Amino acid sequence: MENILEISKLNKSYTNFSLTDVSFSLPDNSITGFIGVNGSGKTTTIRSILGLVKFNSGIIKLFGQDINKNIKTLKERVGVVLDEGGFYEEFSMSEMKGIVAPAYKNWQEQDYKDYMEQFGLNPKQKISTLSKGMKMKFSLALALSHKAELLIMDEPTSGLDPLIRSQMLKILADYIKKSGRAVFFSTHITSDLEQIADRLILIDNGRILFQEKKDTLLEAYRIVKGDSRLLNTESRKLFLSLNPMDCSFIGLTDKPEEIARIMPDALMERPTIENIMLGKIERGDAS
Ligand SMILES: Nc1ncnc2c1ncn2[C@@H]1O[C@H](COP(=O)(O)OP(=O)(O)OP(=O)(O)O)[C@@H](O)[C@H]1O
C-alpha cells in the first residue's frame, strides 16, 4: 500500500542551520510522533511538507504525488494545525471559519458544528479573547472538518494543561479510528506519545536519528542500574548514555542481552521515550 507521506533526502539550509538528507515515511493508519529538542528542525520539516518553506533539494510525496507538482490539490487532503494559528485576532471564530471553509472543496459544515459543540466553543467569541487551549481546539475543529486524510500538527500540545492535552489525544485517536489515514505531530512532550503514537521519528540537529515503531523501540532499549565497579572500558561501550555516580550508575543500553551476561546483578527497567530520545541525542548516531 502507498505511503501517505514520503520524504527522501530533504535538504534545506539556513545561515546557521541545515536539514540534512531528511528521509522518512508515514504508512497508512498510523499515528507518528515527530520528536526532537528545541531547534532540531521539526517546524522546518513540517513547513517544507506543506510547501511553506522552499527547500534546496529532495523529494516530498503526499499520497504518492510530488508536492512540487500539485501542492494546492494535495493540501486539500491534509488537515493542518500550526503553532501560530494564523488567525485574524479581531474576527470571531465564525467569521474566521467563513474565510477558511471556502478554501476546501470538501468542507463539512456539520462536522465543524459538531466539533465546536464537542469542544465547548462558542462560534461568536472573538479570537483575541480565546485561551491557548481554546485556540488549539478551534484550529483542530477547522483541520478536521474537510475530510482530511492526513492530519499534520506542529507542537499541538505545547503549553496546554494536562486535561486539554488528554482530550486532544483522545480526539486524534478517534479521528484515526473513524476517518483519518494518518496523524503526524511534532512534540517535545514525549509522555503524550507513550499513550497514543504507533511510530516515532527522532530528529536532532537537522538529521533523522531513527524512525521506528514505538513498541519495537521500547522493547529494544533498557535502563540499567548497577554498581559502579561493573564499569570498565569494555562495558561502557554497551551504553548509549551513562551517568556514573559515587558507587552506582544509571545508563541506557540497546544491548540488554550482553548487559545481562556480563552484569547479571544489574537492574534493568523499561525506558520511557524521553530516556531513549536523550540517550540517542547524547550519542548522536544516525541509524
Ligand atoms: N526563516 C529562518 N531563517 C533562519 N533560520 C531559521 C529560520 N527558520 C528556522 N530557522 C532556524 O532553524 C533551526 C530549526 O528551527 P525549527 O523551528 O525547525 O526547530 P524546531 O525543532 O521546530 O524547534 P522548536 O521545538 O523550538 O519549535 C533553528 O536554529 C532556527 O533558528
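Residues numbered from 1 in each chain as written. Predicted model: local features only at pLDDT ≥ 70, side-chain atom pairs only at ≥ 80, totals over all residues. Heavy atoms only, no water.

With respect to the site of the ligand
Close contacts around the ligand come from Tyr14, Phe17, Val37, Asn38, Gly39, Ser40, Gly41, Lys42, Thr43, Thr44 and Glu155, and that covers them all. Taking threonine 44, its side chain carries an N or O atom lying 2.6 Å from an oxygen atom of the ligand. Between the ligand and glutamate 155 there is a distance of 3.4 Å, counted from an oxygen atom to a side-chain nitrogen or oxygen. Computed on the free molecule, the ligand has an accessible area of 640 Å², of which 58% lies beneath the protein chains in the complex. The element that contributes the greatest number of residues to the shell around the ligand is helix α1 (residues 42-49), accounting for 3 residues. Residues that form the shell around the ligand fall into these classes: 3 nonpolar, 6 polar and 2 charged. (Near = heavy atom within 4 Å. Polar contact = N/O pair within 3.5 Å; in protein donor to acceptor, adjacent residues only side chain to side chain. Areas by Shrake-Rupley, 256 points an atom, 1.4 Å probe, with all protein chains shown as cover. Helix = DSSP H or I, 4+ residues; strand = E, 2+ residues; numbered from the N terminus. Nonpolar A, V, L, I, M, F, W, Y, C, P; charged D, E, K, R; others polar.)

Quick notes on the sheet that holds strand β5 (residues 65-66)
The 4 strands are arranged β2-β1-β4-β5 in an open sheet whose pairing can be described as antiparallel. Each edge of the open sheet is held by one strand with a lone partner, namely β2 (17-26) and β5. Here α1 sits on the sheet in contact with β1 (5-14), β2 and β4 (57-62), set at roughly 120° to β1. (Pairing = 2+ DSSP bridges. Contact = heavy atoms within 4.5 Å. Axes fitted to C-alpha atoms, helices over the stretch in contact; angles between N-to-C directions.)

A few points about the sheet that holds strand β3 (residues 30-35)
Taking strand neighbours across the sheet as the criterion, the 6 strands line up as β6-β7-β8-β3-β9-β10 in an open arrangement whose pairing is mixed. Two strands in the sheet have a free side with no partner beyond their single neighbour: β6 (78-81) and β10 (207-213). Averaged over all neighbouring strand pairs, the angle between strand axes comes to 15°, with direction disregarded. Relative to β10, strand β9 (residues 199-204) runs antiparallel, the two sharing 6 bridges. Its bridge partner lying in β10, isoleucine 201 is registered against glutamine 211.

Examining the environment of lysine 137
Note that lysine 137 resides in helix α5 (residues 132-143). Residues lysine 137 and proline 156 lie 19 residues apart in sequence; the distance between their C-alpha atoms is 9.4 Å. Residues contacting lysine 137, with those up to four places away along its chain left out, are Phe119, Leu121, Ile164 and Gln167. Side-chain polar atoms of lysine 137 contact the side chain of glutamine 167, separated by 3.1 Å.

Some points on the nonpolar core
Counting residues in each nonpolar core, the largest one holds 53 residues, and the members touching the most others are Phe138, Leu140, Leu151, Met153, Leu172, Val183 and Phe185. Examining the composition of this core, we find that 7 residues originate from one element, helix α6 (residues 162-178), more than from any other. For valine 183, the contacting residues outside a window of four places in its chain are Ser30, Ile31, Thr32, Leu150, Leu151, Met153, Leu172, Tyr175 and Ile176. Among the nonpolar cores identified, the runner-up in size contains 28 residues, and Phe24, Ile67, Phe184 and Ile201 belong to it. (Core = buried A, V, L, I, M, F, W, Y, C linked by side-chain atoms within 4.5 Å. Buried < 20%, exposed > 50% of the residue type's maximum accessible area, 1.4 Å probe, protein only.)

Some details on the domain arrangement of the chain
Split into domains, the chain comes out as domain 1 (5-213) and domain 2 (222-270). Each of domain 1 and domain 2 has a C-alpha centre, and the two are 39 Å apart. (Domains from an automatic or database assignment.)

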